[in-house]
Amino acid sequence: MRMRFSMFDVMIGFLMLVFSLLIIIPFIYILAVSFSGGGESIGGDFFLIPKEFSLEGYKYLMSTSRFVNAIGNSVYVTVLGTFVNLLFSVTLAYALSKKFLPGRRVMMLLIFFTMLFSAGIIPNYLLVKSLGMLNSYWALILPGATNAFTIMVMKTFFQGLPESLEEAARMDGAGEIRILWSLVLPLSMPIMATFGLMFMVGHWNEFFSAVIYLSKSSMWTVQVLLRQMIVVGTSNINNEFSMNEKSAAQLGDTIKMAAIIISMIPIVVVYPFLQKHFAQGAMIGSIKE
């Protein structure tokens with residue numbers, strides 16, 4: 001069977017190609033600069049292919065205790081924060097999915113209220129300060145432990161599971177915690193993977209809260225350190241000065257681009273393993289039959 005392409009299809013394909021190039025070319029340029037020599041990146045002597053291949057930017061970053069420490073801080077916040085997000089979201093959504101829960105409607109109205117109104121930056125800061133969480137990673141995790149959108153989608157998903165399975169488990173003597181752990185969660189992997197990826201990306205890219213709540217440079221996440229390097233223009237970030245200031249300045253753009261590439265690697269590596277569940281999980285939880 002021969003496929004016929006109309007002029008409209010050709011135009012759509014061309015626009016898709018243009019938009020794809022607009023997205024991928026900046027990334028390729030950043031990658032090329034990260035593998036170039038310092039003189040090339042500063043002088044702008046190339047576009048997508050560096051004249052001289054060099055790993056000096058990556059060697060410098062991995063030899064600096066501050067950058068390695070920032071990566072470790074981001075990993076810690078991402079892993080712990082994602083776990084807390086899923087724990088709070090799953091337990092609350094599962095409880096609200098039960099019609100026999102007392103005060104269920106009132107709690108749903110209060111949760112929905114948070115989608116329409118928020119306290120704002122200053123009240124949030126005062127609350128975190130009064131709880132003694134300044135210069136603590138809990139300030140990045142607990143204020144956003146869950147949200148109304150996630151709870152509503154998960155609640156809808158849990159309500160769509162066959163009630164006969166839970167009734168059979170209760171007849172065998174299983175409690176609600178055992179049902180949730182052994183029955184509901186194994187059936188909820190698509191939606192767990194979907195929101196797990198969302199939470200993971202959010203924590204890894206967390207910047208604004210870290211700038212507000214973390215004043216100690218030793219606690220900075222990688223995104224805050226990237227801001228220090230790119231916006232402030234600091235290339236030499238190492239306290240031990242394994243590379244002298246002149247060399248660090250010469251490799252300025254190379255170091256910054258290498259830092260961007262390294263900070264992208266964790267999400268790029270994890271995403272393909274969760275991608276197959278992403279669209280499926282979002283659709284399952286957002287449609288009620």
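Here, the structure is the one placed above.
Summarised in this report is the structure supplied together with it. These figures come from a predicted structure and were not determined experimentally.

### Describing helix H10 (residues 176-187)
Because an α-helix completes one turn every 3.6 residues, residues spaced three or four positions apart along the sequence face the same direction.
Piece 1. For H10, with 12 residues, the first-to-last C-alpha span of 15 Å sits near the 16 Å given by 1.5 Å per residue.
Piece 2. The set of residues buried in H10 consists of Ile179, Leu180, Val184 and Leu185. Buried residues of H10, seen end-on, are gathered within an arc of 145 degrees and therefore sit on one face of the element. H10 presents Arg178 and Trp181 as exposed residues on the side facing more than 90 degrees away from its buried surface.

### Overview of the packing of aromatic side chains
Piece 1. Within the structure shown, the criterion is met by 9 aromatic pairs.
Piece 2. Ring plane angle 10 degrees and centroid distance 6.1 Å describe the contact between Tyr125 and Tyr213, whose orientation is recorded as stacked. Taken as a pair, Tyr125 in helix H6 (residues 121-130) and Tyr213 in helix H12 (residues 208-213) lie far apart in primary sequence, 88 residues in all.
Piece 3. Residue classification places Tyr213 among the buried positions, given a relative accessible area of 8%.
Piece 4. Of the aromatic side chains, those joined through ring pairs into one cluster are Phe35, Phe53 and Tyr58.

### Quick word on unusual backbone geometry
Piece 1. A positive phi angle, near 55 degrees, is found at Asn135, a position not held by glycine.
Piece 2. With respect to the element layout, Asn135 can be found in the loop between H6 and helix H7 (138-141).

### Some thoughts on the environment of Ala210
Piece 1. Structurally, Ala210 is set in helix H12.
Piece 2. For Ala210, a relative accessible area of 0% puts it in the buried group.
Piece 3. Note: C-alpha distance between Ala210 and Asn135 (75 residues apart in sequence) is 8.9 Å.
Piece 4. With residues near it in sequence (within four places) discarded, Ala210 still touches Leu140, Thr221 and Val224.

### Some words on the nonpolar core
Piece 1. Core analysis: the largest hydrophobic core is formed by 36 residues, its most contacted members being Leu61, Phe67 and Leu140.
Piece 2. For this core, the secondary-structure elements that each account for two or more residues are helix H3 (56-63), helix H4 (65-96), H7, helix H11 (189-204), H12, helix H13 (222-230) and helix H15 (252-286).
Piece 3. Looking at which element gives the most residues to this core, the answer is H15, with 8 residues.

### Considering a nonpolar patch on the surface
Piece 1. Together, Phe8, Ile12, Phe14, Leu15, Met16, Val18, Phe19 and Leu22 give the surface a local cluster of nonpolar side chains, amounting to about 830 Å² of exposed area.
Piece 2. Looking at the secondary structure, you find Leu22 in helix H1 (residues 7-34).

### Digging into the packing of helix H5 (residues 104-116) against helix H8 (residues 148-159)
Piece 1. Contact geometry for H5 and H8: axes closest at 8 Å, N-to-C directions at 140 degrees. It follows that H5 is oblique to H8 by the angle criterion. Between H5, through Arg104, Met108, Ile111, Phe112, Thr114 and Met115, and H8, the contact on the second element is made entirely by Ala148, Phe149, Ile151, Met152, Lys155 and Gln159.
Piece 2. Split by residue class, the contact of H5 with H8 holds 8 nonpolar, 2 polar and 2 charged.

Rules and cut-offs
Residues numbered from 1 in each chain as written. Predicted model: local features only at pLDDT ≥ 70, side-chain atom pairs only at ≥ 80, totals over all residues. Heavy atoms only, no water. Helix = DSSP H or I, 4+ residues; strand = E, 2+ residues; numbered from the N terminus. Expected span 1.5 Å × (residues − 1). Buried < 20%, exposed > 50% of the residue type's maximum accessible area, 1.4 Å probe, protein only. Arc of directions from axis to C-beta. Phe/Tyr/Trp six-rings, centres within 6.5 Å; stacked < 30°, edge-to-face > 60°. Contact = heavy atoms within 4.5 Å. Core = buried A, V, L, I, M, F, W, Y, C linked by side-chain atoms within 4.5 Å. Patch = residues over 30% accessible without salt bridge, like charges linked within 9 Å, V, L, I, M, F, W, Y side chains within 5 Å. Areas by Shrake-Rupley, 256 points an atom, 1.4 Å probe, with all protein chains shown as cover. Salt bridge = Lys/Arg side-chain N within 4 Å of Asp/Glu carboxyl O. Axes fitted to C-alpha atoms, helices over the stretch in contact; angles between N-to-C directions. Parallel < 35°, antiparallel > 145°, perpendicular 65-115°, else oblique. Nonpolar A, V, L, I, M, F, W, Y, C, P; charged D, E, K, R; others polar.

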